[in-house]
Amino acid sequence: MRQIKIAEAANAANLRLTWAEDRFEDFAELLQRGFMLKARARSSIRDVLCGQFGISHEYLDQRINTIFLDGKPVDDVDSATIGGGSKLALSAAMPGFVGAALRKGGFYAPMRQVITHVEGTESVPGGDELFVLKLFNLVVKELGPLFLDSGIWLDRRDLESFFNSRPAEFWSGCLQCLMEVDELEVDSLHKGKWLIESPLVYLRIHVVTGDKQ
Amino acid sequence: MDNILRIIMGPEGGPKATVIPVGEYAGIGGRALTSAIVSKEVPPLCHPLGADNKLVFAPGLLSGTAAAMSGRLSVGCKSPLTGGIKEANSGGQASQTLARLGYAAIVLEGAPKDDNIYKIFINKDGVEINLDNSLKMLGNYAVVEKMKAEYGDKIACISIGPAGEMKMCAASVACTDMELRPTRHAGRGGVGAVMGAKGVKVIVLDDSGMKMRSPKDPDKFREANKNWVDGLKKHPVTGEGLPAYGTNVLTNILNEAGAYPTKNFSLGQFAGSSKISGETEAATETTRGGSATHGCHRGCVIQCSGIYMDKNGQYLTKQPEYETVWAHGGNCGIDDLDAIAMLDRLDDDYGLDTIEMGATIGVAMEAGVAKFGDAQAAISLVHEVGKGTPLGRILGNGAAVTGKAFGVERVPVVKNQALPAYDPRGVQGIGVTYATSTMGADHTAGYAVTANILKVGGYVNPLTPEGQVELSRNLQIATAAVDATGMCLFIAFAVLDQPETFQALLDMLNAFYGLNLTGDDVTALGKSILKNERNFNTKAGFTPAHDRLPEFFKKELLPPHNVTFKVRDEDLDTVFNW
Ligand code: SF4
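You'll find chain B entered in an unreviewed UniProt entry as Aldehyde ferredoxin oxidoreductase, with Desulfomonile tiedjei given as the organism. According to the UniProt record, the Sequence similarities (unreviewed entry) comment for chain B reads "Belongs to the AOR/FOR family."

Structure representation (structure tokens):
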């Protein structure tokens, strides 16, 4: 995923979908691959997740058991900071010895010491930047709807290739589709007819139970 | 489980079965029993495929009881792949059934003087051994269908496919699952080749008319089992993560950590990981009418397995687990889940270890036999193995043989056994276990993350190399002990985090056998198993030089972290100093 400047975010195309709750997990693959969010640069992981996105401290401390920042396992969410272009990945507890070793601050953390995240000295918060967030396993189910509802940025080509590789059943979950203010037929997303020029898409998905709202 | 069934395959007039009391082997089960019998009765320098080797099948100490998760079967012998002692274990129904039939072990000894193959039927009335050459070169699925037609569907089967009959070093022993499909395998070390060398195609177990084994103190046992199940259900890994996604939940995590061996261990990250992750696999299974939560034997409460359907909604295979998805997937640059599921099905049918086969195909791809990422070529290579073509014979003997045949330097094996799905340059502690395990490179050898509860060996400073060695030692001791109980190793996380769940396991053993075991006794059991195994390997010619990772791990930087394996040889040599 290329690094995107914050200025580009303002020019992103707005795509709003209303999606049936029972097909929400169809977006799990997209959320695993990663999406972009805005955050105050050089804020700690805790500040970003709890302060800016409203995730509870308890959830962060107890449920999000395994965290990677730029591919390195994190032990301390209060000292590790997120910058423009950072890649943050969140997971629940993992099985097995390696799961135990990668767990944040766990007993076996020294077994993966050579790849552990070490925070640099620059930690003064700056302006807003885009960073990449990946959600894995139980965390996809539990936090996915929150981020999709509040909106995520995606590279247009990544979203196109995601839509193009979906099986036919996927589209039965789509209850409504708005590009900017215009309603689109589901078919246009499905068949690649929604193509826009903006390199970025700001995607919001409202998940509903039952019929179209 | 008071008796051992010994079947001698070589005498004049055909195989002979004798049932003898368990005697000097009383009070041990699973890996403790297989390793005790092999180290005492098998000459360490014998040919693994010769008459002097023995193949031992042993249920765990709690198999055949009401204890949840107690259905692992240990299969032990001298390994044709490593040349050392081997215990490979499997889920499925066989362990529970064998234990309820009252056998602490079946031991296959000697070797037939011709190339006939036999089937063995065991029920409450005794043992029948029949020559049946109609089974020759059948896949495991076809063998089980024939046994079902002959003996009904209340059976469990232990069988080999063509790879075992061809005595290939990657051959596995298959055990049937709850649906009577041959999907659970004692995969590692070529145990299937030893069964082939004994001329046994299938062992059919029928426990009709037998009761569940009963504990000495039923009330205490019931209570301990309840605490045990509660502990497993309330933990997020055993109660939520594994049931929802299976072990393949690790794909995204290892990939993110840069420790996911990709394209024959040349990279630490795979671009196609999200297409083959546990999350994607579970969603695919559910959408196609399969299942993402399923047990491999009755009494499993974690249910890390599943049922994988093809695109038309027809059964293809059980849920390929993490090691399989990695070996045939990222390790070969393949990101097609359906192709990986097909490779899993073929491995199960031909009777092959999925880790060894995936690693072997990775080496073959590096040699240019096929291109990385070519799923159809990988499927064709497994068919070559199943048919026993000259190329297939090379591949079926594993990554080390294939590396030699094609002149490849980067061959990921220890003691000739292929490394599993964790690059030791990223997680150095597992490299210590891969290098020093008595079994060859084996992730399960140091899986039981209970060592901090058992506190084996006192204080550990994990930041030093000695600390990493100490942790690996403790893990190996704890794992050997868990392997003796017949418990699935996936209990490890609940036991790590919840001391009361570990206590519940001890309480079950104590209530069942009328014992007073403590954590120290468990440690002593683990040590004694490892001691037996180390002694055997030493007599078989193993030296400290065998306890090493391949040289490339020390020399080649692994992207993206650009790290090498740094634990020193002299530290590795201290793993078994206790
Ligand atoms: S957790 Fe998985 S491997 Fe273990 S017994 Fe259950 S289904 Fe089998």
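What follows continues from the structure just given.
Colleague: Report on the domain arrangement of chain B, specifying residues and quantitative values.
Modeller: You'll often see interface size given as the accessible area lost when the parts meet. Residue and element names in this part refer to chain B. For chain B, the assigned domains are domain 1 (3-205) and domain 2 (246-423). For domain 1 and domain 2, the distance between their C-alpha centres works out to 25 Å. With 37 residues of domain 1 at the interface, the matching set in domain 2 holds 39 residues. For the domain 1 and domain 2 pair, buried surface summed over both sides reaches about 3,000 Å², with 52% attributable to carbon and sulfur atoms. Its salt-bridge partner being glutamate 356, residue arginine 188 comes within 3.5 Å of it at the nearest N-O pair. Where domain 1 packs against domain 2, one counts 24 residue pairs in polar contact (both at pLDDT 80 or more).

Colleague: How would you summarise the site of the ligand if you had to cite specific residues and measurements?
Modeller: Close to the ligand lie B:Met69, B:Arg72, B:His294, B:Gly295, B:Cys296, B:His297, B:Cys300, B:Ile302, B:Gln303, B:Cys304, B:Cys488 and B:Phe490, which account for all nearby residues. Looking at the shell around the ligand residue by residue, the class counts come to 7 nonpolar, 4 polar and 1 charged.

Colleague: Got a sec to walk through helix 7 (residues 236-245) of chain B? Specific residues and values, please.
Modeller: Extensive coverage of helix 7 of chain B is indicated by the burial of 7 of its 10 residues. Of all the residues in helix 7 of chain B, the buried ones are B:Val237, B:Thr238, B:Gly241, B:Leu242, B:Pro243, B:Ala244 and B:Tyr245. Those residues of helix 7 of chain B that are buried are in contact with helix 6 (137-150) of chain A together with helix 6 (218-234), helix 10 (278-287), strand 13 (291-294) and helix 20 (492-497) of chain B. Of the residues one or two after helix 7 of chain B, B:Gly246 is the one with positive phi, at around 70°.

Colleague: Which residues make up helix 13 (residues 354-366) of chain B, and what values go with them?
Modeller: All names here are of chain B. The end-to-end C-alpha distance of helix 13 is 18 Å, a good match for the 18 Å that 13 residues give at a rise of 1.5 Å each. Residues of helix 13 that are buried include every one of Thr354, Ile355, Glu356, Met357, Gly358, Ala359, Thr360, Ile361, Gly362, Val363, Ala364 and Met365, and no others. Residues of helix 13 that are buried sit in contact with helix 11 (322-328), helix 12 (337-350), helix 14 (375-387), helix 15 (390-395), helix 16 (398-406) and strand 17 (417-418). One or two positions beyond helix 13, positive phi appears at glycine 368, with a value near 95°.

Colleague: So what's going on with the side chain of B:Gln498? Residues and values would help.
Modeller: Residue and element names in this part refer to chain B. Tracing the backbone through its elements, the reader meets glutamine 498 in the loop between helix 20 and helix 21 (499-513). You can call glutamine 498 buried: its relative accessible area is 8%. The contacts of glutamine 498, once residues within four sequence positions are left out, are Gly231, Lys234 and His235.

Colleague: Outline the packing of aromatic side chains, listing residues and values.
Modeller: Residue and element names in this part refer to chain A. Scanning all chains against the criterion turns up 21 aromatic pairs over all chains. Consider the rings of tryptophan 19 and phenylalanine 170, whose centres lie 4.9 Å apart with planes at 50°: the pair is tilted. Of this pair, tryptophan 19 sits in strand 1 (residues 13-20) while phenylalanine 170 sits in the loop between helix 7 (156-164) and strand 10 (174-179), placing them 151 residues apart in sequence. Each member of the pair tryptophan 19 and phenylalanine 170 is classed as buried. With a centroid separation of 4.5 Å and 40° between ring planes, the pair formed by tryptophan 153 and tyrosine 202 is classed as tilted. Placement of tryptophan 153 in strand 9 (residues 152-155) and of tyrosine 202 in strand 12 (residues 200-208) is noted, with a sequence separation of 49 residues between them. Residues tryptophan 153 and tyrosine 202 agree in their burial class; the two are buried.

Colleague: Requested: an account of the sheet that holds strand 13 of chain B, with residues and values cited.
Modeller: Residue and element names in this part refer to chain B. Taken together, the 3 strands give an open sheet; going across it, the order is 13-14-15, and neighbouring strands pair in antiparallel fashion. Edge positions in the sheet fall to strand 13 and strand 15 (315-318), since each of these pairs with one other strand and no more. Across the sheet, the axes of successive neighbouring strands diverge by a mean angle of 25°, strand direction being ignored. Across 2 bridges, strand 13 lies against strand 14 (residues 305-309) in antiparallel orientation. By the bridge assignment, histidine 294 is partnered in strand 14 with serine 305.

Colleague: Could you give me a rundown of the interface of chain B and chain A, with the residues and numbers involved?
Modeller: Listed per partner, the contact involves 45 residues of chain B and 36 residues of chain A. Around 3,700 Å² of area is buried between chain B and chain A when both sides are counted, 69% of it from carbon and sulfur atoms. The three residues of chain B that bury the most area against chain A are B:Ile253, B:Glu256 and B:Phe493, which together make up 18% of that side's buried surface. The interface formed by chain B and chain A includes 2 salt bridges. Our enumeration of links across chain B and chain A arrives at 9 residue pairs in polar contact (both at pLDDT 80 or more).

What counts, and at which threshold
Throughout this document, residue positions are counted from 1 along each chain, in the order its sequence is written. Lettering of chains starts at A and numbering of ligands starts at 1, both following the order in which they are written. Local features in this predicted model are restricted to residues of pLDDT 70 or higher, and side-chain atom pairs are both shown and tallied only at a pLDDT of 80 or more, whereas totals for entire chains, interfaces and linings draw on every residue. Each side-chain value is worked out from all heavy atoms of the structure, with water and hydrogens disregarded. UniProt positions are given in the numbering used here, feature names are shortened, and annotations may be inferred rather than shown by experiment. For the domain bounds, the source is a domain assignment made automatically or taken from a database. Here, two residues are considered to be in contact whenever any of their heavy atoms come within 4.5 Å of each other. Computed with a 1.4 Å rolling probe, the buried area is the accessible surface lost when two parts are put together, summed over both parts. Here, a salt bridge means any side-chain nitrogen of Lys or Arg that lies within 4 Å of a carboxyl oxygen of Asp or Glu. Pairing of N or O atoms within 3.5 Å defines a polar contact, subject to two protein rules: one partner must be a possible hydrogen donor and the other a possible acceptor, and residues neighboring in sequence count only if both atoms are side-chain atoms. It suffices for a single heavy atom of a residue to lie within 4 Å of a molecule or strand for the residue to be listed as near it. Just so you know the grouping, Ala, Val, Leu, Ile, Met, Phe, Trp, Tyr, Cys and Pro go in nonpolar, Asp, Glu, Lys and Arg go in charged, and all remaining residues, Gly too, go in polar. Partly exposed describes any residue whose relative accessible area lies between the buried limit of under 20% and the exposed limit of over 50%, with all areas from a 1.4 Å probe on protein chains only and scaled to the type maximum. The way it works is that DSSP assigns letters per residue, a run of H or I at least four long becomes a helix, a run of E at least two long becomes a strand, and they are numbered from the N terminus. Every helix has an expected span of 1.5 Å times one less than the residues it contains. For this analysis, a ring pair means two rings from Phe, Tyr or Trp (six-membered ring only for Trp) whose centres lie within 6.5 Å, classed as stacked if their planes differ by under 30 degrees, edge-to-face if by over 60, and tilted for the remaining angles. Two strands form a pair only when DSSP identifies at least two bridges running between them. Only the stretch in contact is used when fitting a helix axis, every axis being a line fitted to C-alpha atoms; angles between N-to-C directions are given from 0 to 180 degrees.

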